[in-house]
Amino acid sequence: MHSPQALIATKRDRRTHSSEEIRDLVRGLVDGSIKDYQASSWLMAAYLNGLDSAETTELTLAMADSGERLDLSGLPKPWVDKHSTGGVGDKVTLVALPLMAACGITAVKMSGRGLGITGGTIDKLESIPGFRTDLSPSELVAQANQFGIALTGQSPNLAPADKILYGLRDATATVDCVPLIVSSILSKKIAGGAETVVLDVKCGSGAFMRDLGAARNLAAWLKDIGTRAGLNLRILITDMDQPLGSAIGNSLEVLEALSVLRGDVKSSVGRLAIKLVALALEASGTEASLEAAEARCVLAIQSGGALTKAREWLTAQGADPAFVDQAESKLPLGPVVRKVFIHSSGYLARADAGALGQLVVDLGGGRAHKEDLIDHGVGIQIHVAVGDEITDNEHCATVFAKTEEEADEAAQRVLASLYVTATPTEARPLVIEVL
Ligand code: URA
């Protein structure tokens with residue numbers, strides 16, 4: 001057994017941890033023999049001096065083993081999970097999960113809440129009256145067995161070492177460290193039982209990774225460590241310079257996801273969900289080619305199969321069976337609705353995802369601190385996309401706010417985040433790279 005001081009000194013002195021040292025570290029975190037101040041010192045040493053691939057792989061596996069692991073062995077294969085590093089307007093999980101289930105994949109997922117400008121799937125789903133986000137591991141598996149689809153919030157029993165480390169990273173300015181991010185994300189995927197994982201690494205002003213170099217580095221690390229840890233991984237780098245789709249805000253994003261499931265396969269949300277699920281079908285050997293897999297996804301949406309799965313899923317987790325057909329009247333929506341008109345003409349060159357994400361947080365739709373309560377009904381819909389021709393006085397956005405004053409201010413901020421130029425700008429591709 002290595003003492004906490006010895007573990008800290010190894011990283012402080014830029015030496016490499018053995019597997020036993022990493023296992024001792026994780027064991028000490030969970031049994032409390034390593035105190036918060038010691039774990040924090042180790043985190044700062046790891047942040048400054050780095051962890052190599054072997055250390056990061058061992059950390060990932062040790063954190064995955066630090067609690068319960070979901071046992072999906074009684075469920076039909078393939079078992080697929082999907083993860084996004086987080087972006088503004090990213091409601092793809094709400095489409096991709098029922099689409100996977102409609103294509104014969106067992107889709108079991110743990111999701112998080114939003115923090116800062118990137119929203120969280122659990123917050124979006126909690127807009128739906130009655131929807132439960134606290135399924136126990138056994139409820140999760142039983143529901144996945146019956147419907148092929150189940151989603152829950154972070155379980156305290158899965159990868160508890162990550163929960164401890166993540167809390168300390170948040171408080172010690174050590175979140176932004178690639179080996180720590182990679183082990184955090186992948187340990188939860190492994191503990192969640194999936195064999196095939198599709199990871200969407202977002203890149204741009206509305207994402208963790210602002211530039212392509214940083215996104216490529218994170219994607220390469222995820223691929224390397226995930227493969228070493230035994231996962232069958234496909235990774236996409238996708239654009240987050242403009243918001244994904246039109247809606248930002250919890251209820252509004254649920255409505256947009258349902259409209260994609262009703263057949264809007266050409267929208268950006270539809271195209272990205274299809275791409276992710278097609279990669280999962282190909283990677284798991286369910287379809288021989290990406291083209292065949294994409295065609296199967298399009299059919300699953302157009303035939304209504306994916307919408308049927310969404311209905312089964314939401315009802316199984318507590319929503320009214322009529323919810324999907326009456327969502328507009330059942331979801332909370334901000335009482336003040338303000339149309340925003342743009343006063344210039346030309347072409348939309350930029351819709352600043354970071355600024356628009358912050359605006360929705362400030363309207364009350366996101367949280368600055370973990371314990372903040374959120375308002376599910378506020379948000380914005382952006383009716384224009386980068387590359388579109390803009391005419392003077394065009395209705396470019398709609399704001400849903402709590403008060404007239406907040407709606408006025410939000411309308412000004414929406415306009416300040418849209419940049420119009422005289423000459424056309426081509427939008428960055430939605431899918432930038434696939435690894
Ligand atoms: N998401 C995670 O789960 N962990 C991180 O460290 C960063 C993003």
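This text goes with the structure placed above it.
Within any chain, residue numbers begin from 1 and follow the written order of that chain's sequence. A pLDDT threshold of at least 70 governs which residues receive local features in this predicted model, and a stricter bar of 80 or more applies before side-chain atom pairs are shown or counted, although totals over entire chains, interfaces and linings include all residues. Based on all heavy atoms of the structure, the side-chain values leave hydrogens and waters out of the count.

On to the pairing of strand 11 (residues 394-401), then. For the exposure calls, accessible area comes from a 1.4 Å probe over protein chains only, and a residue counts as buried if that area is under 20% of its type's maximum, exposed if over 50%, partly exposed in between. Where helices and strands are cited, they refer to DSSP runs of H or I of at least four residues and of E of at least two residues respectively, numbered from the N terminus. Within strand 11, 6 of the 8 residues are buried, which leaves it mostly tucked inside the rest of the structure. Pairs of strands are assigned from DSSP output, requiring at least two bridges between the strands. Two strands pair when backbone bridges link them, and strand 7 (residues 336-342) and strand 11 are joined in this way by 7 bridges, in the antiparallel orientation. When the bridges of strand 11 are listed, Ile342 appears paired with Glu394. Relative to strand 11, strand 9 (residues 379-382) runs antiparallel, the two being bridged by 4 bridges. In the strand pairing of strand 11, Gly379 is matched with Phe400.

Note on definitions: the grid is 1 Å and covers protein atoms alone; a cavity is a set of points where a 1.4 Å probe fits but cannot get out; a pocket is an open set with protein on both sides within 12 Å along at least five of seven lines; lining residues have an atom within 4 Å of a point. Grid points are joined across faces, edges and corners, and a volume is the space filled by probe spheres set on the points. Its boundaries defined by the atoms lining it, the second largest pocket holds a volume of some 290 Å³. Around the second largest pocket sit 19 residues that line it, and Gln242, Pro243, Gly245, Ser268 and Ala385 are the ones nearest its centre. Amino acids outside the nonpolar list (Ala, Val, Leu, Ile, Met, Phe, Trp, Tyr, Cys, Pro) and the charged list (Asp, Glu, Lys, Arg) are all regarded as polar, and Gly is one of them. For the lining of the second largest pocket, the residue count by class is 10 nonpolar, 5 polar and 4 charged. Residue assignment places the lining of the second largest pocket across two domains, with domain 2 (79-327) and domain 3 (332-421) each supplying three or more. Domain start and stop positions are those given by an automatic or database domain assignment.

Around the ligand, the neighbouring residues are Tyr166, Arg169, Ile181, Ser184, Ile185 and Lys188. A distance of 2.9 Å separates an oxygen atom of the ligand from a polar atom in the side chain of Arg169. In short, Shrake-Rupley with a 1.4 Å probe defines the accessible areas, and a residue's cover is counted only from the protein chains shown. Across the complex, the protein chains shield 84% of the 240 Å² of accessible surface that the ligand would expose by itself. Listing elements by their share of the shell around the ligand, those giving two or more residues are helix 8 (160-171) and helix 9 (178-191). Of all the elements, helix 9 adds the most residues to the shell around the ligand, at 4 residues. Class assignment of the residues belonging to the shell around the ligand gives a composition of 3 nonpolar, 1 polar and 2 charged. When we say a residue is near a molecule or strand, we mean one of its heavy atoms is within 4 Å of it. Polar contacts here mean pairs of N or O atoms no more than 3.5 Å apart (in protein, one a potential hydrogen donor and the other a potential acceptor; neighbouring residues in sequence count only if both atoms are side-chain atoms).

Salt bridge, as used here: a side-chain nitrogen of Lys or Arg that lies within 4 Å of a carboxyl oxygen of Asp or Glu. Counted by the stated rule, this structure contains 34 salt bridges. Between Asp13 and Arg12 there is a salt bridge, with the nearest N and O atoms lying 2.9 Å from each other. Measuring nitrogen to oxygen at the nearest pair gives 3.0 Å for the salt bridge that ties Arg132 to Glu139. Note on Glu139: relative accessible area 32%, which makes it partly exposed.

Moving on, we get to the environment of Val386. Structurally, the position occupied by Val386 is in the loop between strand 9 and strand 10 (389-390). Residues Val386 and Val420, spaced 34 residues apart in sequence, show a C-alpha to C-alpha distance of 9.2 Å. The contact criterion used is simple: two residues touch if any of their non-hydrogen atoms lie within 4.5 Å. When sequence neighbours within four positions are dropped, the list of residues in contact with Val386 reads Gln242, Leu348, Ala349, Arg350, Ala351 and Ala427.

Before going further, it helps to spend a moment on the sheet that holds strand 6 (residues 247-248). Here 4 strands make up an open sheet; going across it, the order is 6-9-11-7 and the pairing antiparallel. A single partner strand is all that each edge strand has here, and the edge strands are strand 6 and strand 7. The sheet contacts of helix 16 (residues 353-365) involve strand 6, strand 9 and strand 11, and relative to strand 9 the element is tilted by about 150°. The axes used here are C-alpha line fits, helices contributing only the stretch in contact, and every angle between their N-to-C directions lies in the interval 0 to 180 degrees. The strands touched by helix 17 (residues 404-417) are strand 7, strand 9 and strand 11; relative to strand 7, the strand with the most contacts, the crossing angle is about 25°.

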